[in-house]
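Here are the chains, one letter per residue:
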Amino acid sequence: ALPFLVLLGGSADVAALGSDFLVTALRAPSYPQFIYSFAARVNAAGVVLDPTPLLVGSSYATRARVTTLGNRWMVVTESHWSHDANQAGVLFTFVDAAGNVSSETSAGIYNVQVRGSLDVASSGANALIVCPTGSNWTNTEVQAALVEADGTLRFTNRVLTGYAGMGQFRPTVTFDGRNYL
């Protein structure tokens, strides 16, 4: 199969919902410092269903990850407060199969200091977001938020690793069918 353009941007991610896919990427459409998370749906035949990309995350974004949660996609974005701010928060939106985008919700994880370092995995019923946080660059901790399929937070700011020496900078998460790892 020949490659085809889905979405301009970087840091791409993709997740399936039935036979359709949601591709996310970061773009700065008007000015290089104003980077947003965008998405486009693609069907199984390779047709891009959103020729105008969907805006799915706030400005000053440094990472967008997508997973399937329940009957829709969940896009998680690391969003900084300005173009030169080291600290950030984690926000999420939902995109349904028709391309409708929910408003952003805070995952309750703040003080993110390592750009582009969040991850998300889904069991189908809920999703676990992980991200490094901390007050300096050497003693970070991994914090997590668990989001239910209806968008409610079961818990937030849960510390998974407490201030480990030399920091925890790139946490990843997966679901093995029974547990989050």
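Higher on the page you've got the structure.
Residues numbered from 1 in each chain as written. Predicted model: local features only at pLDDT ≥ 70, side-chain atom pairs only at ≥ 80, totals over all residues. Heavy atoms only, no water.

*Asks:* How should I be thinking about the overall build of the protein chain in this particular structure?
*Replies:* In terms of helices and strands, the protein chain carries zero helices and 12 strands. Helices and strands appear in the protein chain in the N-to-C order β-β-β-β-β-β-β-β-β-β-β-β. Counting the 181 residues in the protein chain, one finds 47% classified as buried. Summarising the internal contacts of the protein chain: among those between residues at least 6 apart in sequence, 44% fall at separations of at least 24. Accessible surface, the protein chain: about 8600 Å² in total, of which carbon and sulfur atoms supply 55%. (Helix = DSSP H or I, 4+ residues; strand = E, 2+ residues; numbered from the N terminus. Buried < 20%, exposed > 50% of the residue type's maximum accessible area, 1.4 Å probe, protein only. Contact = heavy atoms within 4.5 Å. Areas by Shrake-Rupley, 256 points an atom, 1.4 Å probe, with all protein chains shown as cover.)

*Asks:* I'm lost on the sheet that holds strand S6 (residues 72-80) in this one. Help?
*Replies:* Through backbone hydrogen bonds, the strands of a sheet pair up, either in parallel or in antiparallel fashion. Reading across from one edge, S5-S6-S7-S8 is the order of the four strands in this open sheet, with antiparallel pairing throughout. Because the sheet does not close on itself, it has two edges, and the strands there are strand S5 (61-69) and strand S8 (105-106). By the bridge criterion, eight bridges tie S6 to strand S7 (residues 88-95) in an arrangement that is antiparallel. The residue bridging Trp 73 from the neighbouring strand is Val 95, located in S7. (Pairing = 2+ DSSP bridges.)

*Asks:* Honestly, the pairing of strand S2 (residues 20-27) in this entry has me stumped. Any pointers?
*Replies:* On a regular strand, each side chain points to the face opposite its neighbour's, so the side chains alternate between the two faces of the sheet. Of all eight residues making up S2, six are buried, and the element is well covered by its neighbours. Turn length for the strand S1 (residues 10-17)-S2 hairpin, with the two strands adjacent in sequence and antiparallel, is two residues, and the turn residue Gly 18 shows positive phi of about 65°. Judged from the seven bridges that link them, S2 and strand S3 (residues 36-42) form a sheet pairing that is antiparallel. Across the sheet, Leu 26 pairs through a bridge with Ser 37, a residue of S3.

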